[in-house]
2 protein chains.
Amino acid sequence: MSSKRKAELSQAVVYVKLKEGVLDPQGLTIKKALEKLGYQNVKEVRSGKFFEIVFDSNGTQQSTKFLNEISDKLLANPVIEKFEIEVVK
Amino acid sequence: MSSKRKAELSQAVVYVKLKEGVLDPQGLTIKKALEKLGYQNVKEVRSGKFFEIVFDSNGTQQSTKFLNEISDKLLANPVIEKFEIEVVK
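Residues numbered from 1 in each chain as written. Chains lettered and ligands numbered in written order. Predicted model: local features only at pLDDT ≥ 70, side-chain atom pairs only at ≥ 80, totals over all residues. Heavy atoms only, no water.

Draft legend 1. Summary view of the relation of the copies chain A and chain B. Once chain A is rotated about the relating axis by 180 degrees and shifted along it by 0.0 Å, it coincides with chain B to within an RMSD of 0.0 Å. Taken together, these values place the two copies in the relation of a two-fold axis. Every residue of chain A has its C-alpha some distance from the rotation axis, and the shortest such distance is that of A:Lys49, at 1.9 Å. Counting the interface residues of chain A, we find that 100% of their copies in chain B are interface residues as well, pointing to one common contact surface. (Least-squares fit on C-alpha atoms with pLDDT ≥ 70 in both. Contact = heavy atoms within 4.5 Å.)

Here it is, written out as structure tokens:
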């Protein structure tokens, strides 16, 4: 373990979506709109959001901790939503 | 499970995000909120949305056409947004 750590610019994407079983009005609305447009083959639409984050990183472990923290505190509502983190670089 | 359907149930995800250069107020707000929470290391936040779609497919070519059509017509606003399609199965 080196004590010399230089901050690197990292990139990650946090995907947030509703937990299974939680009603998704936006998804339902889109499904209905698609039916009206003539697309009868759509069985289900579930909506979600994602956030591309560029940040100064002090190592992989710190990054994981940081990303989990901000997802849990701010990006997702843990009561009804779940999140997935993808570190791009 | 049941084998009453001839058409195969396919799954795809459409990712929609703002084009480069288009202002992202939601992303900016999140960045500011993170700074207030003490996360000074965040350089940029860009927000986007995604849609998980389950649909009856009549082949890969048809699916691609269908997914491009609904993305262009309904899921994204082509003036300010771009989309990416990921076929899951």
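Structure's up, so let's keep going.
Draft legend 2. The arrangement of the sheet that holds strand β2 (residues 42–57) of chain B in detail. In spatial order, the strands read β3(A)-β1(A)-β2(A)-β2(B)-β1(B)-β3(B); together these six strands make up an open sheet with antiparallel pairing. In the strand order of this sheet, the two ends are held by β3 (81–87) of chain A together with β3 (81–87) of chain B, each with one partner. Pairs of neighbouring strands in the sheet enclose a mean axial angle of 25 degrees, with direction left out of account. Pairing analysis gives seven bridges linking strand β1 (residues 8–18) of chain A to β3(A), with the strands arranged antiparallel. Directly across from A:Tyr15, in β3(A), lies its bridge partner A:Glu84. Lying on the sheet, helix α2 (residues 60–75) of chain A is in contact with β1, β2 (42–57) and β3 of chain A together with β2 of chain B; it crosses β2(A) at an angle near 130 degrees. (Pairing = 2+ DSSP bridges. Helix = DSSP H or I, 4+ residues; strand = E, 2+ residues; numbered from the N terminus. Axes fitted to C-alpha atoms, helices over the stretch in contact; angles between N-to-C directions.)

Draft legend 3. Structural detail: the packing of aromatic side chains. Going through the model one piece at a time under the given rule, you end up with nine aromatic pairs over all chains. Judged by centre distance (6.0 Å) and plane angle (70 degrees), the ring pair of A:Tyr15 and B:Phe50 falls under edge-to-face. One end of the pair, A:Tyr15, is in strand β1; the other, B:Phe50, is in strand β2, on a second chain. Here the two residues A:Tyr15 and B:Phe50 agree in accessibility, since each one is buried. Seen from their ring centres, B:Phe55 and B:Phe66 are 5.0 Å apart, and the 45 degrees between their planes marks the pair as tilted. On the criterion of sequence distance, the pair formed by B:Phe55 in strand β2 and B:Phe66 in helix α2 (residues 60–75) is long-range, its members being eleven residues apart. With respect to burial, B:Phe55 and B:Phe66 carry one shared label: buried. Among the aromatic side chains, those forming a connected cluster through ring pairs are A:Tyr15, A:Phe50, B:Tyr15 and B:Phe50. (Phe/Tyr/Trp six-rings, centres within 6.5 Å; stacked < 30°, edge-to-face > 60°. Buried < 20%, exposed > 50% of the residue type's maximum accessible area, 1.4 Å probe, protein only.)

Draft legend 4. Representation of the pairing of strand β1 (residues 8–18) of chain B within the structure. Residues and elements named next belong to chain B. The buried count for β1 comes to eight of eleven residues, which makes it a mostly enclosed element. One ladder, built from ten bridges, connects β1 with β2; its direction is antiparallel. Across the sheet, the residue bridging to Ala12 is Ile53, located in β2.

Draft legend 5. Looking closely at the interface of chain A and chain B. In this complex, chain A contributes 32 residues to the contact, which on the side of chain B involves 33 residues. Buried area between chain A and chain B, both sides added, is near 2,900 Å², and the carbon and sulfur share of it is 65%. On the chain A side of the contact with chain B, A:Tyr39, A:Phe50 and A:Glu52 bury the most area, a combined 20% of that side's loss. For the pair chain A and chain B, the interface holds four salt bridges. Between A:Glu52 and B:Lys17 there is a salt bridge, with the nearest N and O atoms lying 2.7 Å from each other. Taken together, the links from chain A to chain B amount to 17 residue pairs in polar contact (both at pLDDT 80 or more). (Buried area = accessible area lost by both parts, 1.4 Å probe. Salt bridge = Lys/Arg side-chain N within 4 Å of Asp/Glu carboxyl O. Polar contact = N/O pair within 3.5 Å; in protein donor to acceptor, adjacent residues only side chain to side chain.)

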